[in-house]
Amino acid sequence: GLGLTHKKDENFGEWYSEVVVSGEMIEYYDISGCYILRPWAMSIWEIMQAFFDSEIKKMNIKNCYFPLFVSPAVLQKEKDHIEGFAPEVAWVTKSGESDLEVPIAIRPTSETVMYPYYSKWIRGHRDLPLRLNQWCNVVRWEFSHPTPFIRSREFLWQEGHTAFATKEEADQEVLDILELYRRIYEEFLAVPVTKGKKSELEKFAGGLYTTTVEAFIPNTGRGIQGATSHCLGQNFAKMFEINFENDKGEKGMVWQNSWAYTTRTIGVMIMTHGDDKGLVLPPKVAAIQVVVIPVPFKDADTQGILDACSATVKTLNESGFRAEADLRDNYSPGWKYSNWEMKGVPLRIEIGPRDLANKQVRAVRRDNGAKIDIPMDNLVEEVKNLLDNIQQNLFDVAKQKKDACIQVVKTWEEFVEALGQKKLILAPWCDEEEVEKDVKTRTKGEMGAAKTLCSPFVQPELPEGTLCFASGKPAKKWTYWGRSY
Ligand SMILES: O=C(C[C@H]1NCCC[C@H]1O)Cn1cnc2c(c1=O)CCCC2
Ligand SMILES: [Mg+2]
């Protein structure tokens, strides 16, 4: 196409909807809230999956696959787990022309699918720890406005479900997994996240506590939950009678965790790095890290240029990069530059007659547009340095932008002002649920209410006598607040 019609800083929502399509990640689908994930998006999912899957296998976590369908009886089993979510559950009520005797739910998550079998499989302490993960889709028939990757009625995720003999083991795994989620965001997607704990009101109702990696979108001033790692305590063990005989012959209930990240990760990355020319992909997750484009000149040695492009790609791929040449003769170099910029390829290499003559290539960075002439003899080393630098630069820029949005507040007036300025608010809080609910009520509006995002593990100093910004009661902890997705 001829570029984007909406600017990121002028109309973020329209910009996002357009860039995911123009960048060939998404195709809209005729069922609301459902999207087609095209190869350009799927390849990012696969690169992250390869990393996460290899890491959990090092932890001796095994992959499995449970059915998509949930029987109603078992779904209702854990009341406060399901209540409040029920409208989101999609049901199969017919097969062909005939109604099913009993409607069957499509999994919105798999606790209730898996845990009856955990109960069956776990007898003695030798059956522990039981640590399973599955890569699958889930369906949640949400009604708040759908957004590609960010909020869809079907999405891909991994869900880990683990059971331990002791709380200590569970607590440690919660943090081990959360660190993997931080790495996915910060090392692969170049997106800064904050590790923290969800409030009692915001945590997974069926669990004991929820830890999270929180991201932030400066353009909308909204926080977004990046991934979650929950300790379920013994709540589900009680419900599903998942108990075991310990080495002293005593009966005890297991301690469980569940953890997930989803295709939402891709949307957060797009929102963070994209610009008015299109997607900007961090090299670590780019299916094509380097695109090589011939710039033929009327009487120049065209075949020599094409051969140099192919040789450049071959050298780079043999060195472990993901490079591709765009040798299509029905598009101009200029058109190709725009096309690959729209798709967010981190590095472009141009080879024209002058480059050929000087035994060099012209590299152009997607993140800052810088042009660098590279001697062909230094190609691999220079490209490696450039891609590493692009990866780091994307993170640093995003970190600086996020940090610039953080506003420390001490009073309600400061809070309301900061909210109006699309800030990520850090405030001292008395940690009382009633106060949190009150803040939601007092900030209700068409932009959505403010809520707690997390209480960061890294707590700034809280001087004695500091008061809660909302209640005036003694503050217990610093907490991030804001509107969210
Ligand atoms: O899914 C979880 C908790 C947990 N599920 C497994 C992976 C980690 C974590 O997301 C919370 N949750 C969210 N959404 C829904 C449900 C639900 O339990 C239950 C049914 C309707 C929608
Ligand atoms: Mg048992």
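Novice: Explain the packing of helix α2 (residues 39-58) against helix α6 (residues 167-188) here, please?
Specialist: Describing two packed helices takes the angle between their axes plus the distance from one axis to the other. Put simply, α2 and α6 touch, their axes get as near as 11 Å, and they point 150 degrees apart. One way to sum up the angle between α2 and α6 is to call them roughly antiparallel. Crossing angle aside, the handedness with which α2 passes α6 is right-handed. When α2 is examined against α6, the residues Ile 47, Met 48, Phe 51, Phe 52, Glu 55 and Ile 56 are found in contact with a partner set consisting of Ile 177, Leu 180, Tyr 181, Arg 183, Ile 184 and Phe 188.

Novice: Looking at this structure, how should I read the pattern of salt bridges?
Specialist: For the coordinates displayed, the defined rule picks out 31 salt bridges. We note a salt bridge from Arg 365 to Asp 367, for which the minimum N-O separation is 2.6 Å. On the basis of relative accessibility, which here comes to 8%, the residue Arg 365 falls in the buried class. Since its relative accessible area comes to 18%, Asp 367 is described here as buried.

Novice: Just checking my understanding: could you explain a nonpolar patch on the surface for this structure?
Specialist: A contiguous nonpolar patch, built from Tyr 29, Ile 31 and Ile 36 and spanning about 260 Å² of accessible area, is present on the exposed surface. Position of Ile 31 among the secondary structure elements: in the loop between β1 (26-28) and β2 (35-37).

Novice: Could you clarify how one ought to interpret the coordination of the magnesium ion (ligand 2) in this entry?
Specialist: Metal coordination angles in their ideal form are 109.5 degrees for the four-donor tetrahedron and 90 or 180 degrees for the six-donor octahedron. Of the protein atoms, only Ile 122 (O) and Asn 243 (O) coordinate the magnesium ion (ligand 2), at distances of 2.4 to 2.7 Å. With Ile 122 in the loop between α5 (111-121) and β7 (130-139) and Asn 243 in strand β12 (residues 243-245), this pair connects stretches of sequence that are 121 residues apart.

Novice: What's the story with the pairing of strand β8 (residues 154-164) in this structure? I'm lost.
Specialist: In summary, the side chains of a regular strand alternate between the two faces of the sheet. Burial analysis of β8 places nine of its 11 residues in the buried class, which makes it a mostly covered element. Pairing of β7 with β8 involves 10 bridges; the strand directions are antiparallel. Bridging from a neighbouring strand, Asn 133 pairs with Gly 160 of β8. Where β8 meets strand β14 (residues 255-262), eight bridges bridge the pair, whose relative direction is antiparallel. Within β14, the position partnered with His 161 by the bridge is Ser 258.

Novice: Mind showing me how you'd approach the pairing of β14 here?
Specialist: Burial of β14 is extensive: eight of the eight residues sit out of reach of the surface. Of the two faces of β14, the one holding Trp 255, Asn 257, Trp 259 and Tyr 261 and the one holding Gln 256, Ser 258, Ala 260 and Thr 262 are both buried throughout. In the sheet, strand β11 (residues 222-233) pairs with β14 via five bridges, with the strands oriented antiparallel. Pairing of His 230 across the sheet is with Ser 258, part of β14.

Novice: How should the sheet that holds strand β4 (residues 69-70) be read in this particular structure?
Specialist: Adjacent strands of a sheet pair through backbone hydrogen bonds, lying either parallel or antiparallel. Pairing is antiparallel across the open sheet formed by three strands, whose spatial order is β4-β6-β5. The outermost strands of the open sheet, each flanked by one partner alone, are β4 and β5 (91-95). Sheet topology note: the β5/strand β6 (residues 98-106) ladder contains four bridges and is antiparallel. Note on β6: the bridge partner recorded for Lys 94 is Asp 99.

Novice: Explanation requested: the sheet that holds strand β16 (residues 323-325) in the structure shown.
Specialist: One open sheet accounts for five strands, arranged β16-β15-β17-β18-β19; its pairing is mixed. Looking at the sheet topology across the chains shown, the edges are occupied by β16 and β19 (371-375). Sheet twist, expressed as the average angle between the axes of neighbouring strands with direction ignored, equals 25 degrees. Relative to β16, strand β15 (residues 290-294) runs parallel, the two being bridged by three bridges. Residue pairing across strands places Val 291 opposite Glu 324, the latter belonging to β16. Contacts between helix α10 (residues 333-342) and the sheet are confined to β15, β16 and β17 (347-351), with β15 contributing the most and set at about 170 degrees to the helix.

Novice: Mind showing me how you'd approach α10 here?
Specialist: Residues spaced three or four apart along an α-helix face the same direction, because each turn holds 3.6 residues. Those residues of α10 that sit buried are Lys 336, Tyr 337, Asn 339, Trp 340, Glu 341 and Met 342. Lining the buried residues of α10 we find α1 (12-22), β15, β16 and β17. Positive phi shows up at Gly 344, right after α10, with a value of about 80 degrees.

Novice: What is the right way to read the nonpolar core from this model?
Specialist: Nonpolar side chains in soluble globular proteins tend to be buried together. If you look at the biggest cluster of nonpolar residues, it comprises 57 residues, and the most contacted ones within it are Met 25, Phe 52 and Ile 270. With nine residues, α2 is the single largest residue contributor to this core.

Novice: When you look at the side chain of Ser 152 in this model, what are you seeing that I'm missing?
Specialist: Turning to its location among the elements, Ser 152 is positioned in the loop between β7 and β8. Ignoring any residue separated from it by four or fewer positions in sequence, one finds Ser 152 in contact with Gly 33, Tyr 35, Arg 140 and Thr 147.

Novice: What's the story with the confidence of the model for the chain in this structure? I'm lost.
Specialist: As a note on interpretation, predicted positions should not be read in detail where pLDDT is low. Overall, the predicted model of the chain reaches an average pLDDT of 96, with 98% of residues at or above 70. Scored by ipTM, the complex comes to 0.94, with pTM at 0.97.

Reading the values: rules and limits
Residues numbered from 1 in each chain as written. Chains lettered and ligands numbered in written order. Predicted model: local features only at pLDDT ≥ 70, side-chain atom pairs only at ≥ 80, totals over all residues. Heavy atoms only, no water. Axes fitted to C-alpha atoms, helices over the stretch in contact; angles between N-to-C directions. Helix = DSSP H or I, 4+ residues; strand = E, 2+ residues; numbered from the N terminus. Parallel < 35°, antiparallel > 145°, perpendicular 65-115°, else oblique. Left-handed = near helix turned anticlockwise from the far one by under 90°. Contact = heavy atoms within 4.5 Å. Salt bridge = Lys/Arg side-chain N within 4 Å of Asp/Glu carboxyl O. Buried < 20%, exposed > 50% of the residue type's maximum accessible area, 1.4 Å probe, protein only. Patch = residues over 30% accessible without salt bridge, like charges linked within 9 Å, V, L, I, M, F, W, Y side chains within 5 Å. Areas by Shrake-Rupley, 256 points an atom, 1.4 Å probe, with all protein chains shown as cover. Donors = N, O, S within 2.8 Å, 3.2 Å for Na, K, Ca; no water. Pairing = 2+ DSSP bridges. Core = buried A, V, L, I, M, F, W, Y, C linked by side-chain atoms within 4.5 Å. pLDDT = per-residue confidence, 0-100.

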